[in-house]
Each structure stands twice: as structure tokens, then as C-alpha cells.
2 protein chains.
Amino acid sequence: MAVVSRYTVALHALTWLAYMSRDKDEFFASDRIANSVNTSPVFIRRILGQLAKARLVSVQHGGTGAGWKLARAAEAITLHEVYEAVVQTPLFELHHSGPNLRCQIGRGIQPALGEIYGETEAAMKRQLGSTTIADLVDSSLAHGEDGKEQASDGPQG
Amino acid sequence: MAVVSRYTVALHALTWLAYMSRDKDEFFASDRIANSVNTSPVFIRRILGQLAKARLVSVQHGGTGAGWKLARAAEAITLHEVYEAVVQTPLFELHHSGPNLRCQIGRGIQPALGEIYGETEAAMKRQLGSTTIADLVDSSLAHGEDGKEQASDGPQG
DNA sequence: ACCAATGTAACTAGAATGGTAGCATTGAGA
DNA sequence: TCTCAATGCTACCATTCTAGTTACATTGGT
């Protein structure tokens, strides 16, 4: 498999928040985000909680206007920051059970792979750093134009 | 989690085969490779079978000298090729259950992410393409120098 | 005080990974 | 032709991870 869909959900949530914040600057409940992403509110809250720890979103716990909103302008949040906030595990896994250390190759393969895996993950993150949530909003709106016939009850679906 | 350890095992196996082939050009059994990687021969055979389909290794099915060897020089096998041979799933997962298509963002987010994910995976593969199995052999040997005291019963240990 | 919303823990179903066992097949060598 | 070491393949299992669900305590405007 691959990078978990948690990352996709995080990006979707942030993109949705950025889009909704264009009209009014308020907090939005996890139910509404979950509705757009088509998942459970608890799952959304778990992920947004991680984004809040990374200071990418602000949270309002109680009261009538409780919910979430971006902590910064969408132009100032890169996909790389979101990745760091949501994904903790390294991109490449090493051996489940360590290699045989009595073997010449087995002794050196892990540090050798560690270097290469590190460079590769860095290249991936460099690419993610070149896109922002604002870019994602624009791109999503451009791609969403086609199927307009299904739009019915507003942007939050 | 991340890219499965299958990829690490594939690289380890190829590196080991490249190292062993420096002395004699013969086929090596999956048992010996499994011993260095510290896993089961069946798992090794599953992975080497994929590498054989991609024409990266040759296989000898029966007879006394049955086993595996590199199909090309180690200098001519890039880590990108190994990745393509072993990993079929995309690097990033999209929504488990598709997003809400009645939402403006939900309608456009998947194609938008598809573009970005494609570019990111391409950047990762570009980086992997800059390293060969021969590089891995050299790097492994350099890193393995330190713990020489454990070397006892030969390189396949 | 009310109550809408979050935070969090526990439990579950489903999928994926890697290990194990069994058996048919291959093919060089005696 | 027979032997036998090795692969190919299938089925099954334990473990782990993901995401969904439920439940309940907590927060904090009104």
C-alpha cells in the first residue's frame, strides 16, 4: 500500500475550510466537513486534532459557534506541512526483522538504504512544498466545473 | 505505515546477488538469500518472481545449480526499475469511499489531488532513478566495514 | 444552566503483510 | 531414465493497521 488516505482526508478538509472561509470567517463543525469528505466526524476530528497541534488550524471547543478554521491564509499552508503534521512514519520501511549481521551485505545494507530512503523522502517533500492549499482550492474548483448538474444544496453538499 | 518492506527485501536480494556474483557467475538458491535478509525463502521467491517478470533477474528452475542471478550488470539496474517491478499500488491513497459529489470541493478534489500526487510520485521515482544496485553494493560494503568482528562464516553468513 | 460542539477511549469489521506448510513442476546430472 | 534439489503456486494463519461506530466527559458561548 502507500501513504494512508488520512493525508487525502486532511487535504480535503483544509481545502474545504479554505473554500468556505472565502465568504465568512467563522468556525465550521466536523459534521459538515465529514459530509463533504464522506466519512465519520470522529475521523475528521482525529485528523484535525493533529493539524491543530501543528498550528495549521484553530479549534473552538465549546459554545454555539464551535468548530474549526484555518489558522493562516490558505496561501501560506504547503502540502509539505500537512504531510509532516499527519504522517509520522517514514515513507520506506526497513526489514521487519533485521538482516543477518554475520553477512557482509546484511551488516551494511540498512545504513546504506537509510541514506537513499532519506534522500528520496526529501525529494518527495520538496515537491509537496511547492503546492499550497490555495492552489488546491483553485484546482478543485476548475476540475469541479464539469459536473455542475449535481450541484443542489450549496457548497457544503 | 508506508511503502511495504517488500521493496527493502527486493533491494537487499539484488544487492546480495550483485555482491556474490563478483566472484563466480552462477545461480544462487532462495534459501541463501533468505538467510542474509533474515526472512523465509517463500517470501524471497515471491519477490524475486516479480523481479524475474520485469527481466531484472534470471531464474533456473530445476537441476542441481538451480536458483537466481542478475539478468544484467548491477550498474544497469536502477532503484526506480526495482520499485516499478515490486510496487504496484500508487504512493498516495485517495478517499476510501469517494467524496460527496454534491459538494463543489468534493467534486473537484480527486482530479486535483490526482495531478499533484502524480507529480509527487514522479519526483520520488526520479530520485530513485539516480541510484543503481552497484551503488548499493559499494555503500553497503562501506557501511559494513565497522562491525567486522562478527564476520565468521563467509559473506553469505 | 443550557446545549452544541469537541476530545478521547473502547470496540469492531475489513484489509494487508509476512510466515508456514504442502504439493506439483522443472531440469541438470548420474 | 531416474534422482533430487530447487522453484511455482495455493491455501491458511497470526499480526497489524485502517477507518467506522458508540459512548461519555469536557468545553464555553448564549
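Overview of the structure. In this text, all values refer to a predicted model and were calculated from it rather than measured experimentally. (Residues numbered from 1 in each chain as written. Chains lettered and ligands numbered in written order. Predicted model: local features only at pLDDT ≥ 70, side-chain atom pairs only at ≥ 80, totals over all residues. Heavy atoms only, no water.)

**Notes on the interface of chain A and chain B**
The test is simple: In this description, contact between two residues means that some pair of their heavy atoms is separated by no more than 4.5 Å. Summed over both partners, buried area is the accessible surface (1.4 Å probe) that two parts give up on being assembled. Should a side-chain nitrogen of Lys or Arg be within 4 Å of a carboxyl oxygen of Asp or Glu, the pair is scored as a salt bridge. The numbering of helices and of strands both runs from the N terminus, where a helix is a DSSP run of H or I of at least 4 residues and a strand a run of E of at least 2. Under the convention adopted here, Pro, Cys and the residues Ala, Val, Leu, Ile, Met, Phe, Trp and Tyr are nonpolar, Asp, Glu, Lys and Arg are charged, and Gly plus all remaining residues are polar.
Each side of the interface is counted separately: chain A has 69 residues, and chain B has 69 residues. Counting the surface lost from both chain A and chain B, the interface buries some 6000 Å², and carbon and sulfur atoms represent 59% of this. Taken together, chain A and chain B are joined by 0 salt bridges. Tallying contributions element by element places helix α5 (residues 104-128) of chain A first for the side of chain A that touches chain B, with 18 residues. Of the residues that constitute the side of chain A that touches chain B, the class distribution is 32 nonpolar, 29 polar and 8 charged.

**Notes on the packing of aromatic side chains**
Working definition: an aromatic ring pair is given by the centre-to-centre distance plus the angle between the planes. How we decide: Each Phe, Tyr or Trp ring, with Trp reduced to its six-membered ring, pairs with another whose centre is within 6.5 Å; inter-plane angles below 30 degrees give stacked pairs, above 60 give edge-to-face pairs, and intermediate values give tilted ones. Here's how the labels work: a residue is buried when its accessible area is under 20% of the maximum for its type, exposed when over 50%, partly exposed in between, all with a 1.4 Å probe on protein chains only.
If you walk through the whole model with that rule in mind, you get 10 aromatic pairs over all chains. Geometrically, the ring pair formed by Y7 of chain A and F92 of chain B is tilted, given 5.8 Å between the ring centres and 35 degrees between the ring planes. Of this pair, Y7 of chain A sits in helix α1 (residues 5-20) while F92 of chain B sits in the loop between α4 (79-86) and α5 (104-128), each in a different chain. As far as burial versus exposure is concerned, Y7 of chain A and F92 of chain B are alike and both buried. Judged by centre distance (4.4 Å) and plane angle (20 degrees), the ring pair of F92 of chain A and Y117 of chain A falls under stacked. Taken together, the positions of F92 of chain A in the loop between α4 (79-86) and α5 and Y117 of chain A in helix α5 put the pair 25 residues apart, joining distant regions of the chain. The class for F92 of chain A is buried, based on a relative accessible area of 5%. On the basis of relative accessibility, which here comes to 5%, the residue Y117 of chain A falls in the buried class.

**A word on the relation of the copies chain A and chain B**
This is how the line gets drawn: C-alpha atoms of residues with pLDDT of at least 70 in both copies form the basis for the least-squares superposition of the copies.
Placing chain A over chain B gives an RMSD of 0.0 Å and needs a rotation angle of 180 degrees, together with 0.0 Å of translation along the axis. Both copies of the chain, as the preceding transformation shows, are related through a two-fold rotation axis. A shared binding surface is used by both copies, with 100% of the interface residues of chain A retained as interface residues in chain B.

**Notes on the nonpolar core**
Our working rule: Among buried residues, the Ala, Val, Leu, Ile, Met, Phe, Trp, Tyr and Cys ones that are joined through side-chain atoms within 4.5 Å form a nonpolar core.
The biggest cluster of nonpolar side chains holds 94 residues, and the ones touching the most others in it are L51, V82 and I133 of chain A together with L51, V82 and I133 of chain B. If we skip the residues at most four places from it in the chain, V82 of chain A touches Y7, A10, L11, L14, L51, L56, I77 and I133 of chain A.

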